[in-house]
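A closer look at the structure
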Amino acid sequence: MEQILLDFDLRVMAPELVIVSAAALLSIIDLLLKESRSRKVIGWFGLAAVVLAGVFVAMAFGHEPYQILADTYRIDSFSLMFKAILLAGTAGVFLFSLASGKEEWKSREGEYYYLLLTALLGAMVMVSSADLITLFVGLELLSLSSYILVGIRKERGEANEAAWKYVVLGGVSSAFILYGMSFAYGLAGSTNLFEISRRFAEGMGGSGHLFIYLSLFLMMVGFGFKVAFVPFHMWAPDVYQGASTPIAAFLAIVSKTAAFAFIIRVLLVAYSPLMSDASWMEVVSWMLMIVAALSMILGNTIALRQTNAKRLMAYSSIAQAGYLVVPFATIGLVPFDLFPSMLFYLVAYLFMTFGAFVVIEFVTKDRGHGGISAFAGLSRRSPWLAAAMTLFLISLAGLPLTAGFFGKFYLITSTLFNNQEWLAAVMILTTIVSYYYYFGIVRQMYFLPPYSDQKVPVPWLATIAILLGVGGTIGLGLFPEPLLTFIGELDWTSVLSIASSGAPQ
Amino acid sequence: MTLTLTSYLALAAILFVIGLYGVLTKRNAVLVLFSIELMLNAANINLVAFSKYGLFPGVTGQVFTLFTITVAAAEAAVGIAILIALYRNRETAEADRYNSMKG
């Protein structure tokens, strides 16, 4: 039977359809609700939609990969795994936002929740698409929603300023990505990633070669901005500081994960002909390794002199992005040991970063300023909160018994396996440097006198959010095997091949 | 034929560089937004030129351009909205005065 564009089983797009219909419905509900009514119900509804989409994603695992919408959209292990991470991160951000109260956004609470959903939708489109147009539209949907979310506290000068910096640098990075994509299209005559890969393979050698690299470098500059790799990281600290803490967590977890998936998909599929060439090792691999090393070194050293907790987390997340890109930079001829080590670290990063942001929000809100001195004497005021924060920091620092330890352990072994000893050395040395600032906060909590004896007020929802973070961080630290087996058993080679179109049987 | 393509690509490259220069150096915030538009439109010229005179001519590039024009319009709208909110707080449109956060 001949396929037409919309001739596919709607169930295969169920997660996206759930999110898009929830976002549309919630925007209407927001209009119809009385001005005076609390918008919390919209937040709960949004959370329910995210969970439902998560259920659909979980059900979709294990099928053959397939492509729909004229091969622009594919559902394979890669997109499902990344969607699961994105949905988990967004669900956490919803819980966090519901807990941190509405005075932050005043009358714009409804808008806040459905923009989170549209941002999530953009991220999900990005991780699933196999076409430059879909990728770009997904990326922009995520970016535009995030610009507004960063600036949603519009009475605050610093939120405005953060949103301004984000929109300008985000716009420039979009322009770089688009300019790079235009060259890729020009060389291949198609926007489909597999088609591009085929044409690139034919066009290698000669002057076409240079244009392939030009398009790759332009796109990498753009992605560098989106993920906040080092030469392009300057927006991240300002934006994290100016945005409300749930949004900073959203940017650190969801945006970053989606941009990662984007880079991997484009490089592994469209630019795969470079990989069969010696030039991959000489150019692309080195470029990524240098970016990773710079991110680790600068992220961790600049974090040393930060006094604002959220700026510190921003630099820490720049460094973590550097660790994350290492397995990707070192893939050689055996590409698929990349996914287990990288995805494990990504999941670990999700739990520990999320938990740390939740604790930072309530501690700094109680103190009234965002400095790390807000943590002084926390162990005497709220011992459990201090213990949870210590756990997250230990995990971020990569010490044993936590998720972060196994994450770093797998990353370092995979680097050594690929014979990049110097990069492993940079990872270990910068990790040691990072102990200093992570334990700076621990020192504040345990060895300095508190400024008051009152317990830090933490709403029950935030307690749940923190417990989820603690559970994930300790759970993955004590029992990393189930997740690793699960990731290892997924069919990663399917990322590289064109799938059949239509629904799975 | 190739000459035509090259000249379009050169025009796009010049526009892109002017845009990038504008973003990096202009003090007026509105001009910074304009410069971003120049960069996006440089990419559009590239796409249309490739879809007409490229190695593999086809309509896809023009379709892509329609998408990017729409997206760029949305981006400009969001950018200007943020700028207005910022102007109300700071009462200046000089981009280099938006520097309260450092470190």
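Residues numbered from 1 in each chain as written. Chains lettered and ligands numbered in written order. Predicted model: local features only at pLDDT ≥ 70, side-chain atom pairs only at ≥ 80, totals over all residues.

A closer look at the overall build of chain A
A tally of regular secondary structure across chain A gives 20 helices and three strands. For chain A, whose C-alpha radius of gyration is 22 Å, the value lies close to the compact-globule estimate of 23 Å for 505 residues. A principal-axis box enclosing the C-alpha atoms of chain A has dimensions of 70 × 60 × 40 Å. Here chain A holds 505 residues, and 62% of them are scored as buried. (Helix = DSSP H or I, 4+ residues; strand = E, 2+ residues; numbered from the N terminus. Rg over C-alpha atoms; globule rule 2.2 N^0.38 Å. Buried ≥ 20, exposed ≤ 12 C-beta atoms within 10 Å, placed from the backbone.)

Things to note about the overall build of chain B
Across its full length, chain B holds three helices and zero strands. Here the C-alpha atoms of chain B give a radius of gyration of 17 Å, more than 25% beyond the 13 Å that 2.2 N^0.38 yields for 103 residues. Referenced to the eigenvectors of the C-alpha coordinate spread, the extents of chain B come out at roughly 50 × 25 × 25 Å. In chain B, which comprises 103 residues, the share counted as buried stands at 37%.

Quick notes on the nonpolar core
Nonpolar side chains in soluble globular proteins tend to be buried together. Residue and element names in this part refer to chain A. Counting 230 residues, the largest nonpolar core has Leu116, Leu120 and Val359 as its most contacted members. Among the elements that take part in this core, helix H14 (residues 338-367) stands out by supplying 21 residues, more than any other. Other than its neighbours up to four places away in sequence, Val359 contacts Leu385, Ala388, Met389, Phe392 and Ile466. (Core = buried A, V, L, I, M, F, W, Y, C linked by C-beta atoms within 7 Å. Contact = placed C-beta atoms within 7 Å.)

Examining the interface of chain A and chain B
Contact residues are listed per partner, giving 38 residues for chain A and 35 residues for chain B. Where the side of chain A that touches chain B is concerned, the elements lending two or more residues are helix H5 (132-150), helix H6 (157-188) and helix H9 (235-242) of chain A. Of the residues that constitute the side of chain A that touches chain B, the class distribution is 19 nonpolar, 13 polar and six charged. (Nonpolar A, V, L, I, M, F, W, Y, C, P; charged D, E, K, R; others polar.)

Looking at the packing of helix H1 (residues 14-32) of chain A against helix H4 (residues 109-128) of chain A
Residue and element names in this part refer to chain A. Where H1 contacts H4, the two axes come as close as 9 Å, and the packing angle between them is 160 degrees. Put simply, H1 runs roughly antiparallel to H4. Crossing of H1 against H4: the hand is left-handed. Taken together, the residues of H4 that come into contact with H1 (itself represented by Pro15, Glu16, Ile19, Val20, Ala22, Ala23, Leu26, Ser27 and Asp30) are Gly110, Glu111, Tyr113, Tyr114, Leu117, Thr118, Leu120, Leu121, Met124 and Val125. Of the residues that constitute the contact of H1 with H4, the class distribution is 13 nonpolar, three polar and three charged. (Axes fitted to C-alpha atoms, helices over the stretch in contact; angles between N-to-C directions. Parallel < 35°, antiparallel > 145°, perpendicular 65-115°, else oblique. Left-handed = near helix turned anticlockwise from the far one by under 90°.)

A look at the UniProt feature "transmembrane region" (unreviewed entry) in chain B
UniProt tags residues 6-24, 31-51 and 63-87 of chain B as "transmembrane region" (unreviewed entry). Across residues 63-87 of chain B one finds 100% helix and 0% strand; the C-alpha atoms that close the span lie 36 Å apart. (UniProt positions renumbered as here; feature names shortened; annotations may be inferred.)

Quick notes on the environment of Leu116(A)
Residues and elements named next belong to chain A. Checked against the element boundaries, Leu116 lands in helix H4. Distance in space between the C-alpha atoms of Leu116 and Ala252 is 14 Å, their sequence separation being 136 residues. In this structure, Leu116 is in contact with Gly46, Thr90, Val93, Phe94, Leu149 and Phe250, ignoring residues within four places of it in sequence.

Section: H1(A)
The terminal C-alpha atoms of H1(A), which comprises 19 residues, lie 27 Å apart, in line with the 27 Å expected from a rise of 1.5 Å per residue. In the core, the buried residues of H1(A) are packed alongside helix H2 (40-60), helix H3 (77-99) and H4 of chain A. (Expected span 1.5 Å × (residues − 1).)

Overview of the confidence of the model for chain A
When pLDDT is averaged along chain A, the result is 85; 93% of the residues meet or exceed 70. The element-level mean pLDDT for chain A is lowest in strand S3 (residues 500-501) of chain A, coming to 60, with H5(A) highest at 93. (pLDDT = per-residue confidence, 0-100.)

Topic: the packing of H6(A) against H9(A)
In a packed pair of helices, the relevant descriptors are the angle between the two axes and the axis-to-axis distance. All names here are of chain A. At a minimum axis separation of 8 Å, H6 and H9 run at an interaxial angle of 145 degrees. Crossing geometry of H6 relative to H9 is assigned as left-handed. In this structure, H6 uses Glu158, Ala159, Glu161, Ala162, Lys165, Tyr166 and Leu169 to contact H9, whose residues at the interface are Trp235, Asp238, Val239, Gln241 and Gly242. The residue makeup of the contact of H6 with H9, split by class, is six nonpolar, two polar and four charged.

Regarding unusual backbone geometry
Residues and elements named next belong to chain A. The backbone of Ala228 sits at a positive phi, close to 70 degrees, despite the residue not being glycine. Examined against the element boundaries, Ala228 turns out to sit in the loop between helix H8 (208-227) and H9. Classification of Ala228 by C-beta neighbours within 10 Å gives buried; the count is 28. For Leu401, which is not a glycine, the phi torsion comes out positive at approximately 75 degrees. Mapped onto the elements of the fold, Leu401 is located in the loop between helix H16 (383-397) and helix H17 (403-417). Looking at Leu401, the number of C-beta atoms within 10 Å reads 14, which means it is partly exposed.

A look at the environment of Gly54(A)
Position of Gly54(A) relative to the elements: it lies in helix H2. Residue contacts for Gly54(A): discarding those within four places in its chain leaves Ala84(A), Leu87(A) and Ala91(A).

Quick word on the environment of Ser36(A)
Locating Ser36(A) in the fold gives a position in the loop between H1 and H2. Through-space distance from the C-alpha of Ser36(A) to that of Ser107(A) is 9.0 Å; in sequence the pair is 71 residues apart.

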